[in-house]
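Below, each chain spelled out in residue letters.
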Amino acid sequence: MKKILFIEDESSLQKTFGDILEKNNCKIVSALDGEIGLRLSKSEKPDLILLDIILPKVNGLEVLKALKEDGETKDIPVIVLTNLDNIENINKVIELGATSYLVKTEYTIEEVMGKIKKALGE
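Here's a quick rundown of the structure. These numbers come from a predicted model, not from an experiment. (Residues numbered from 1 in each chain as written. Predicted model: local features only at pLDDT ≥ 70, side-chain atom pairs only at ≥ 80, totals over all residues. Heavy atoms only, no water.)

Some thoughts on the packing of helix 3 (residues 60–69) against helix 4 (residues 87–96)
- Their axes nearest at 9 Å, the elements helix 3 and helix 4 cross at an angle of 15°. As summarised for this structure, helix 3 and helix 4 are arranged roughly parallel, according to the angle between their axes. In the packing of helix 3 onto helix 4, the handedness of the crossing is left-handed. Here helix 3 contributes Leu61, Leu64, Lys65 and Lys68 to the contact with helix 4, which in turn contributes Asn89, Lys92, Val93 and Leu96.
- For the contact of helix 3 with helix 4, the per-class residue count stands at four nonpolar, one polar and three charged. (Axes fitted to C-alpha atoms, helices over the stretch in contact; angles between N-to-C directions. Helix = DSSP H or I, 4+ residues; strand = E, 2+ residues; numbered from the N terminus. Parallel < 35°, antiparallel > 145°, perpendicular 65-115°, else oblique. Left-handed = near helix turned anticlockwise from the far one by under 90°. Contact = heavy atoms within 4.5 Å. Nonpolar A, V, L, I, M, F, W, Y, C, P; charged D, E, K, R; others polar.)

Looking at helix 5 (residues 109–119)
- Taken together, the buried positions of helix 5 are Val112, Met113 and Ile116. Each buried residue of helix 5 lies within a common arc of 100° when the element is viewed along its axis, so the set occupies one face. Seen from the open side of helix 5, the exposed residues pointing more than 90 degrees away from its buried face are Glu110 and Lys118.
- On its buried side, helix 5 packs onto strand 1 (2–7), helix 1 (11–23), strand 3 (48–51), strand 4 (78–82) and strand 5 (100–103).
- Looking one or two residues beyond helix 5, the residue adopting positive phi is Gly121, at roughly 80°. (Buried < 20%, exposed > 50% of the residue type's maximum accessible area, 1.4 Å probe, protein only. Arc of directions from axis to C-beta.)

As for the packing of aromatic side chains
- Following the criterion strictly, the structure yields one aromatic pair and no others.
- Where Phe6 meets Phe17, the ring centres are 5.5 Å apart and the plane angle is 70°; that geometry is what we call edge-to-face. In this pair, Phe6 sits in strand 1 while Phe17 sits in helix 1, placing the two residues 11 residues apart along the sequence.
- Classification of Phe17 by relative accessible area gives buried; the value is 5%. (Phe/Tyr/Trp six-rings, centres within 6.5 Å; stacked < 30°, edge-to-face > 60°.)

Laid out in structure tokens, this is it:
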């Protein structure tokens, strides 16, 4: 069973994705802010991280940068799932080492699941 860390401050989205991921044989670990997400990335050692950009305490760009600079977490694939669709953010996220940049409103849950499975090598 693959473990996915979802760093997202919208609890309803956490629940929706959590239910779908569990049906797809994934264990979900939730973090409602960037600080908790960074801590859980080390303690839980997830197979993949889903990351929002707009987060309390530590924003998603800072989380991504910290993840990719840390030897323990640098190889964990990160999919950024956000509502921000400006090219500046997209370029920054890819430059920092994210696997994919998905704008929430432009993808169905099924399409996001496809990206997750691909990132997990399934």
